[in-house]
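Letter by letter, the chains look like this.
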Number of protein chains: 2
Amino acid sequence: MLFVPWALRDGDAYLRAVVERGFAAGIVLEGIHRTADPRRAVEEADGIYVGGGNSFRLLAAMQRHGLLDPIRRRVRGGMPYLGVSAGTNLACPSIRTTNDMPIVEPPQGLGALGLIAFQINPHYYSGPVQIEDDPGRWTAHCGETRDERISEFLEENAGPVLGLREGAILTLEEGRFKLAFEKARLIGPGSEVQEFVAPCDLELPFAE
Amino acid sequence: MLFVPWALRDGDAYLRAVVERGFAAGIVLEGIHRTADPRRAVEEADGIYVGGGNSFRLLAAMQRHGLLDPIRRRVRGGMPYLGVSAGTNLACPSIRTTNDMPIVEPPQGLGALGLIAFQINPHYYSGPVQIEDDPGRWTAHCGETRDERISEFLEENAGPVLGLREGAILTLEEGRFKLAFEKARLIGPGSEVQEFVAPCDLELPFAE
């Protein structure tokens, strides 16, 4: 499987950590950052595994190497795609529902792979947030909540947004979405919500 | 004073809330969203007050109305500028250190007013975060911490970044920066930090 570590700066360290922590599940991973011809590596891969980090940096690298079209074509042709965090954002129509800081500007804008026809917000949570600025002293965080941010997205864009809670796994095989682990919340254009608890099927718009 | 509510969708509601909550401090505010000619309003204003919300939406509106140059020119000529949250991001060289979701794409990119020569991260906090997904049950949030996000920014951009903690007020008058309220942390290119507690002067790079 081809591993894409570009959301982080140090690809070697990331690949090593994935293998050492057992996240490769025994599958041999080839780091795309080590290949002489990333485009050819995509064409020849048995599958692609796009890791987490900063979604803007990941998308900028994908655009720089001209890989969005080749990956989209191969996945539509049946190649398995696995995305984690930023790699999940990349599977969406755009990265407009990322939680990441816009540390770089993807030169071709925020459009992404569009392997699915709706947006995902990874690391989703609802409810209030506390921060521990001094040890032992928890105080309320006053910035926008995640739900407020998603509401702002829905003011400017069509929905829905699927919020994947920490650890949740969403699969798409043979046209069927399943929530395989943990929980998710679907947030519609009027901010109406629908809750899912694994294991369950999800009726969602299919690939664009 | 000219009030800019464009980081939120409902300008009338925002302006009303600012006045009702006493944030206008008795000063008459004119909402730029109500003016027939926003550019002329900038030229004639005694001061400008840019409110919070989503920084991407705010910057996109500024670009659409062609206001970045006029505001920059007037502020450099002595007009007071007051920025809150997204309005603080707008005063920086770019909005690349915003916490906001990229719900829209500013057509001319992420460059902002550049009234100061360094980046600010508003609503800054350090330390861990916990979320209350179920009432009474607080769990650790596993996404990147704020410090990790700022480190990622410093991997891709020159520093420093000034993290303004909740409620902090930074002033710039006659070439001197002062922290007037609460605390701030300056994070340098190697992630070295310097802490400030109000009231104090700050030695910081001046306007570009």
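Since we're looking at a predicted model, the values are computed, not measured. (Residues numbered from 1 in each chain as written. Chains lettered and ligands numbered in written order. Predicted model: local features only at pLDDT ≥ 70, side-chain atom pairs only at ≥ 80, totals over all residues. Heavy atoms only, no water.)

Chemist: What should I look at first to understand the interface of chain A and chain B in this one?
Modeler: A common way to report how large an interface is uses the accessible area buried once the components associate. With 47 residues of chain A at the interface, the matching set in chain B holds 47 residues. Across the chain A to chain B interface the summed buried area is about 4,100 Å²; carbon plus sulfur atoms make up 51%. Put simply, chain A and chain B have twelve salt bridges between them. Residue B:R9 pairs with A:E155 through a salt bridge whose shortest N-O separation is 4.0 Å. The interface formed by chain A and chain B contains 21 residue pairs in polar contact (both at pLDDT 80 or more). Elements supplying a minimum of two residues to the side of chain A that touches chain B: α3 (55-64), β5 (119-124), β6 (129-134) and α6 (146-156) of chain A. With seven residues, α6(A) is the single largest residue contributor to the side of chain A that touches chain B. (Contact = heavy atoms within 4.5 Å. Buried area = accessible area lost by both parts, 1.4 Å probe. Salt bridge = Lys/Arg side-chain N within 4 Å of Asp/Glu carboxyl O. Polar contact = N/O pair within 3.5 Å; in protein donor to acceptor, adjacent residues only side chain to side chain. Helix = DSSP H or I, 4+ residues; strand = E, 2+ residues; numbered from the N terminus.)

Chemist: When you look at the relation of the copies chain A and chain B in this model, what are you seeing that I'm missing?
Modeler: The two chain copies are connected by a rotation around an axis plus a translation along it. Between chain A and chain B, the superposition needs a rotation of 180° and an axial shift of 0.0 Å, giving an RMSD of 0.0 Å. Such values leave the two copies arranged in the relation of a two-fold axis. Nearest to the rotation axis, the C-alpha of A:Q130 is located 2.6 Å from it, this being the minimum over chain A. (Least-squares fit on C-alpha atoms with pLDDT ≥ 70 in both.)

Chemist: I'm lost on the sheet that holds strand β7 (residues 137-140) of chain B in this one. Help?
Modeler: The pairing of strands in a sheet happens through backbone hydrogen bonds and is either parallel or antiparallel. The antiparallel open sheet is built from four strands, whose spatial order is β7(A)-β6(A)-β6(B)-β7(B). Each edge of the open sheet is held by one strand with a lone partner, namely β7 (137-140) of chain A together with β7 of chain B. Strand-to-strand, the axes of this sheet are offset by a mean angle of 35°, without reference to chain direction. The pairing of β6(A) with strand β6 (residues 129-134) of chain B spans three bridges and is antiparallel. Among the inter-strand pairings, A:I131 is bridged to a residue of β6(B), identified as B:V129. (Pairing = 2+ DSSP bridges. Axes fitted to C-alpha atoms, helices over the stretch in contact; angles between N-to-C directions.)

Chemist: I'm lost on the domain arrangement of chain A in this one. Help?
Modeler: Residues and elements named next belong to chain A. What the domain assignment lists for chain A is domain 1 (1-101) and domain 2 (116-208). One C-alpha centre belongs to domain 1, the other to domain 2, and the line joining them spans 22 Å. Each side of the interface is counted separately: domain 1 has eleven residues, and domain 2 has 14 residues. In total, domain 1 and domain 2 occlude about 1,000 Å² of area from one another, counting both sides; carbon and sulfur atoms represent 48% of this. Here domain 1 and domain 2 share zero salt bridges between them. At the junction of domain 1 with domain 2, the criterion picks out ten residue pairs in polar contact (both at pLDDT 80 or more). Per-element accounting of the side of domain 1 that touches domain 2 gives the leading share, three residues, to helix α5 (residues 86-91). Across the side of domain 1 that touches domain 2, the residue classes break down as three nonpolar, six polar and two charged. (Domains from an automatic or database assignment. Nonpolar A, V, L, I, M, F, W, Y, C, P; charged D, E, K, R; others polar.)

Chemist: Can you help me understand the pairing of strand β8 (residues 161-165) of chain A in this one?
Modeler: Residues and elements named next belong to chain A. Counting buried positions along β8 gives five out of five residues, so the element sits mostly inside the fold. Here β8 shows no split at all, with V161, G163 and R165 on one side and L162 and L164 on the other all buried. Looking at chain direction, β5 and β8 are connected through four bridges and run parallel. Residue pairing in the sheet places N121 in a bridge with G163 of β8. Pairing between β8 and strand β11 (residues 183-187): four bridges, direction antiparallel. (Buried < 20%, exposed > 50% of the residue type's maximum accessible area, 1.4 Å probe, protein only.)

Chemist: What is the right way to look at the environment of A:F177 in this model?
Modeler: Within the secondary structure, A:F177 is located in strand β10 (residues 176-181). Sequence-wise, A:F177 and A:V84 are 93 residues apart; in three dimensions their C-alpha atoms are separated by 16 Å.

Chemist: Looking at this structure, how should I read helix α4 (residues 68-76) of chain B?
Modeler: Given 3.6 residues to a turn, an α-helix orients residues that are three or four positions apart in the same direction. Listing the buried residues of α4(B) in full gives B:L68, B:P70, B:I71, B:R72 and B:V75. After α4(B) finishes, the residue B:G78 shows a positive phi value of roughly 115°.

Chemist: Honestly, the nonpolar core in this entry has me stumped. Any pointers?
Modeler: Side chains of a nonpolar character, in soluble globular proteins, are inclined to be buried together. Among the nonpolar cores identified, the biggest contains 39 residues, and A:V4, A:I48, A:L58, A:M62, A:I71, A:Y81 and A:L90 are the most heavily contacted of them. Broken down by secondary-structure element, the contributors of at least two residues to this core are β1 (2-4), α2 (38-44), β3 (48-50), α3, α4 (68-76) and α5 of chain A together with α6 (146-156) of chain B. For this core, the leading source of residues is α3(A), giving six residues. Here A:L58 is in contact with A:V4, A:W6, A:A7, A:V50, A:G51, A:A86, A:G87 and A:L90, once residues within four sequence places are set aside. (Core = buried A, V, L, I, M, F, W, Y, C linked by side-chain atoms within 4.5 Å.)

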